[in-house]
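# A look at the structure
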Amino acid sequence: MIIQPKTRGFICTTAHPEGCAKQIQEQIDYVKAQKKLTGPVNVLVIGASTGYGLASRIAAAFGAGANTIGVFFDKAAEGIRTASAGWYNSAAFEQAAAEQGLKSHSIVGDAFSDAIKTTTIDLIKAEYGTVDLVVYSVASPRRTHPVTGETFSSVIKPVGTAYTNKTMNFHTGEVSTVTIEPATDEEVRQTIAVMGGEDWGMWIDQLQAAGVLADGATTVAYSYIGPKITHPIYRDGTIGQAKNDLEQTAIALNQKLAVLGGRAFVSVNKALVTQSSSAIPVVPLYISALYRVMKDKELHENCIQQMYRLFAEHLYNGGKAAADGSHLIRIDNWEMREDVQIEVMRRWNELETDNVPELADLEGYRKDFFHLFGFQTEGVDYEADTDPSVEIPNQV
Ligand code: NAD
């Protein structure tokens, strides 16, 4: 069939297998062109099919020659419905890893469930012995608690008072003003239950109890802080409350892993276009302005550059993981540089529909959005008949 993008707001309901495969190859090529990483060896990535988790998996496999297990929640193609982008990404990853002689497995299912945790532990025991790096990169709108059965939904809202700021429809480039009412206490509780640290903690507890964490094992989860203008909707909002909880979990996990000489971190990453970030009001306009400024200053990075830098400068290659005594790694340091933020804010104050193409990188934002689903990728013939059914090799 001919596969074209079908968008509904910030969602694209189709994905292109060849475009996704090409995006994967570009990330692999980037990593292979960098200095080799001194670790990790056996890696578990939870949330491994798109965004930061996928880039972590690629950096580990192709930068260090690591064996990888990826856990993710994606759908295969069915009838005329294409698979999700993460499915095609993972199929392409598995194929490239096999060609490189790297061991890897993909587990498709709900990472929040006990069943998937057990499947993962059994696989580690049977095939890998132990893992020495666990990356937690799940971003989800919902979670069903494995013990109570309660299903939680996360919301992106301010806490305490309503928040008004500029936002943008990135399809049309239209800038408007949005007001978001504050979350209820119940919405805060549910968002923390989905995006906070409880599930990360459960994973590490169960892996440790099963004896499948190597001595000196490292675990890392991802967070975001960002500039003051987005604080009410992000860092001080519902999602920020969940990130505070995630960061507290890192402190607790550090103590638990001490018996293994292990360590737990939260890496604070740069704002980038991913399926998750495009859903947040205000943020796409901020990201567009940020891209323009960082590209002009030759500081721009995508997920793969960020994850390679996390591994090369912080977690491996003799890197000093975090500032002394801190559980936070700051690879958002270029985004947060004073000169970058001053310039972004100067543009932010002037931004309106007419000047978006000039003051912000709307084109770059859109391109990255379509790339997420394998579209607008150079060298792919989008008019060609394409088979949407793709198997993931080594799927468990
Ligand atoms: P993403 O949407 O690209 O990836 C999310 C991953 O989670 C996918 O692999 C998906 O399959 C998986 N997933 C979702 N629900 C699952 C479930 N129930 N079971 C198993 N897998 C599931 O998201 P992302 O933007 O890469 O975000 C990853 C992390 O990075 C999040 O913690 C996010 O807050 C953080 N972060 C993102 C940004 C950004 O700008 N995008 C910046 C800093 C930090």
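What counts as what
Residues numbered from 1 in each chain as written. Predicted model: local features only at pLDDT ≥ 70, side-chain atom pairs only at ≥ 80, totals over all residues. Heavy atoms only, no water. Buried < 20%, exposed > 50% of the residue type's maximum accessible area, 1.4 Å probe, protein only. Helix = DSSP H or I, 4+ residues; strand = E, 2+ residues; numbered from the N terminus. Pairing = 2+ DSSP bridges. Right-handed = clockwise from strand over helix to strand, strands pointing away. Near = heavy atom within 4 Å. Polar contact = N/O pair within 3.5 Å; in protein donor to acceptor, adjacent residues only side chain to side chain. Areas by Shrake-Rupley, 256 points an atom, 1.4 Å probe, with all protein chains shown as cover. Nonpolar A, V, L, I, M, F, W, Y, C, P; charged D, E, K, R; others polar. UniProt positions renumbered as here; feature names shortened; annotations may be inferred. Axes fitted to C-alpha atoms, helices over the stretch in contact; angles between N-to-C directions. Contact = heavy atoms within 4.5 Å.

### Quick look at the pairing of strand E12 (residues 263–268)
With 5 of its 6 residues buried, E12 lies for the most part within the structure. The pairing of strand E11 (residues 213–223) with E12 spans 6 bridges and is parallel. The residue of E12 that forms the bridge with serine 223 is valine 268. Taken together, E11, helix H7 (residues 238–257) and E12 form a β-α-β motif whose crossover is right-handed.

### Description of the site of the ligand
The local shell around the ligand holds 29 residues, among which Ser49, Ala111, Lys243, Thr274 and Ser276 are the closest. In this structure, a nitrogen atom belonging to the ligand sits 2.9 Å away from a side-chain N or O atom of aspartate 110. Alanine 111 places a main-chain nitrogen or oxygen 2.8 Å from a nitrogen atom of the ligand. Computed on the free molecule, the ligand has an accessible area of 850 Å², of which 92% lies beneath the protein chains in the complex. At the level of secondary structure, the elements contributing two or more residues to the shell around the ligand comprise helix H2 (51–64) and E11. Here the shell around the ligand is built from residues that sort into 13 nonpolar, 12 polar and 4 charged.

### Considering the UniProt feature "domain: Trans-2-enoyl-CoA reductase-like NAD(P)H binding" (unreviewed entry) in the chain
As recorded in UniProt, the feature "domain: Trans-2-enoyl-CoA reductase-like NAD(P)H binding" (unreviewed entry) lies at residues 2–78. Across residues 2–78, the secondary structure splits into 39% helix and 19% strand, with the terminal C-alpha atoms separated by 15 Å.

### Notes on the sheet that holds strand E3 (residues 42–46)
Within a sheet, each strand pairs with its neighbour through backbone hydrogen bonds, oriented either parallel or antiparallel. Pairing within the open sheet is parallel, and its 7 strands lie in the order E5-E4-E3-E6-E11-E12-E13. Only two strands of the sheet have a single partner each, and these edge strands are strand E5 (104–108) and strand E13 (328–330). Recorded for the sheet is a direction-independent mean angle of 20 degrees between the axes of neighbouring strands. As paired strands, strand E6 (residues 131–136) and E11 are joined by 5 bridges and run parallel to one another. Within E11, the residue paired with tyrosine 136 across the bridge is alanine 221. Where helix H3 (residues 85–99) meets the sheet, its contacts fall on strand E4 (67–72) and E5, and the angle it forms with E5 comes to roughly 160 degrees. Helix H6 (residues 198–209) contacts E3, E4, E6, E11 and E12 of the sheet and is inclined by roughly 170 degrees relative to E11.

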